[in-house]
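Listed below are the residues making up each chain.
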Amino acid sequence: MAWTCSGTSNTALIDNMWKNGLITDARVKEAFLKVDRAHYSPSMPYQDSPQPIGHHATISAPHMHAAAIEHMLSYILPSSTSPAPRVLDVGSGSGYLTHVLAELVGDRGLVVGLEHIEALKVLGETNMGKSAEGRRLLESGKVRFRVGDGRKGWHEAAREGEEALGKGWDVIHVGASAVQVPPQLLEQMKAPGCMFIPVDDDEGGYSQHVWRIEKDGNGEVTRKKLFGVRYVPLTDAP
């Protein structure tokens, strides 16, 4: 179904994903409409397919980003129990999903894009700066890009006045495949919290599935295998 969703404009792309049931929540649709994929994809931005962005990295197909958000949506949106959601986007690449996530976390939310390659961290910042809304998010500190090993997660200090909310993550999105779920990411998930991560099924990484991992308020972890995928691997920086 995904290959039928490409369009000639950002609006057409998102409308086609909506019509084909790849986006089902109106809030998700609105967030995607606010972010022009042409600012983040170097070629054929409105084609529903992955695109290379250099450094052996890709920007995932739009329908994959939509699936990630919808599977984690209840944790991304602000709520009475989490008024300022903290989201870690591991392997943020061109910054596209990082920006869409920032449109959903509310005025007090925080999204951190984490890359292990400095040039990709700069790429994400640069791309977000192409729009007035992206510049506003960066200048406000609501979106931050960092360089680090995504397998180890990231410790981002709480903002002033929000120390009581902790340093953990309500949501962790991983945009590259892991040999196994990194224990540091599990530790850094809040309780409750949620992770969306592709994991290798075999030693060679030829078969992969996305897992949705939840941690409840008591810290108990449950895992659900969602669907097969093909992602670039989480690796050491060159």
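As recorded by an unreviewed UniProt entry, the chain carries the name protein-L-isoaspartate(D-aspartate) O-methyltransferase and is attributed to Neonectria magnoliae. Of the comments in the UniProt record for the chain, the one headed Subcellular location (unreviewed entry) reads "Cytoplasm".

(A) Quick look at the nonpolar core. Core analysis: the biggest nonpolar cluster contains 44 residues, and Phe-32, Ile-69 and Ile-76 have the highest contact counts within it. Counting only elements with at least two residues in this core, the list comes to helix 1 (10-19), helix 2 (26-33), strand 2 (57-59), helix 3 (62-76), helix 4 (96-102), helix 5 (118-128), strand 5 (143-147) and strand 7 (189-200). Broken down by element, this core gets its largest block of residues, eight residues, from helix 3. Residues within four places of Phe-32 in sequence aside, it is in contact with Asn-10, Ile-14, Ile-23, His-65, Ala-66, Ile-69, Tyr-96 and Val-100. Judged by nonpolar contacts, the second largest core, of 19 residues, contains Val-112, Trp-169, Leu-185 and Leu-234.

(B) Representation of the sheet that holds strand 5. Taken in spatial order, the seven strands line up as 5-4-3-6-7-8-9 in an open sheet, and their pairing is mixed. The two strands at the open ends of the sheet, each matched to only one other strand, are strand 5 and strand 9 (221-229). Sheet twist, expressed as the average angle between the axes of neighbouring strands with direction ignored, equals 15°. For strand 8 (residues 208-215) and strand 9, the ladder comprises eight bridges, and the chain directions are antiparallel. When the sheet's bridge partners are listed, Val-210 is paired in strand 9 with Phe-227. Each of strand 6 (169-174), strand 7, strand 8 and strand 9 touches helix 3; the most contacted strand, strand 7, lies at about 160° to it.

(C) Main features of the packing of aromatic side chains. By the definition in use, this model includes three aromatic pairs. Look at Tyr-40 and Tyr-96: their rings are 5.8 Å apart centre to centre, the planes differ by 55°, and that puts the pair in the tilted class. Of this pair, Tyr-40 sits in the loop between helix 2 and strand 1 (51-54) while Tyr-96 sits in helix 4, and the two are 56 residues apart along the sequence. You can call Tyr-96 buried: its relative accessible area is 1%. Put simply, the rings of Phe-32, Tyr-40 and Tyr-96 pair up and form one aromatic cluster. Its guanidinium or amino end placed over the ring of Tyr-96, Arg-37 lies 5.8 Å from that ring's centre, counting from NZ or CZ. A cation over an aromatic ring shows up here: Arg-86 above the ring of Trp-169, its NZ or CZ 4.8 Å from the ring centre.

(D) Here's a closer look at the pattern of salt bridges. On inspection of all chains with the given rule, the structure shows 13 salt bridges. Salt-bridge contacts for Arg-108 lead to Glu-162; the nearest nitrogen and oxygen are separated by 3.4 Å. In this pair, Arg-108 is assigned in the loop between helix 4 and strand 4 (110-115) and Glu-162 in the loop between strand 5 and strand 6, connecting sequence segments 54 residues apart. For Arg-108, a relative accessible area of 40% translates into the label partly exposed. Here Glu-162 falls in the buried class, since its relative accessible area comes to 14%. Across the pair Lys-121 and Glu-125 runs a salt bridge, and its minimum N-O distance is 3.4 Å. Placement of both Lys-121 and Glu-125 in helix 5 is noted, with a separation of four residues, approximately one turn of the helix. Assessed through its relative accessible area of 16%, Lys-121 is described here as buried. Classification of Glu-125 as partly exposed rests on a relative accessible area of 28%. Within the structure, one salt-bridge network assembled from shared partners comprises Glu-30, Lys-34 and Glu-103.

Reading the values: the criteria
Residues numbered from 1 in each chain as written. Predicted model: local features only at pLDDT ≥ 70, side-chain atom pairs only at ≥ 80, totals over all residues. Heavy atoms only, no water. UniProt positions renumbered as here; feature names shortened; annotations may be inferred. Core = buried A, V, L, I, M, F, W, Y, C linked by side-chain atoms within 4.5 Å. Buried < 20%, exposed > 50% of the residue type's maximum accessible area, 1.4 Å probe, protein only. Helix = DSSP H or I, 4+ residues; strand = E, 2+ residues; numbered from the N terminus. Contact = heavy atoms within 4.5 Å. Pairing = 2+ DSSP bridges. Axes fitted to C-alpha atoms, helices over the stretch in contact; angles between N-to-C directions. Phe/Tyr/Trp six-rings, centres within 6.5 Å; stacked < 30°, edge-to-face > 60°. Lys NZ or Arg CZ within 6 Å of the ring centre and 35° of its normal. Salt bridge = Lys/Arg side-chain N within 4 Å of Asp/Glu carboxyl O.

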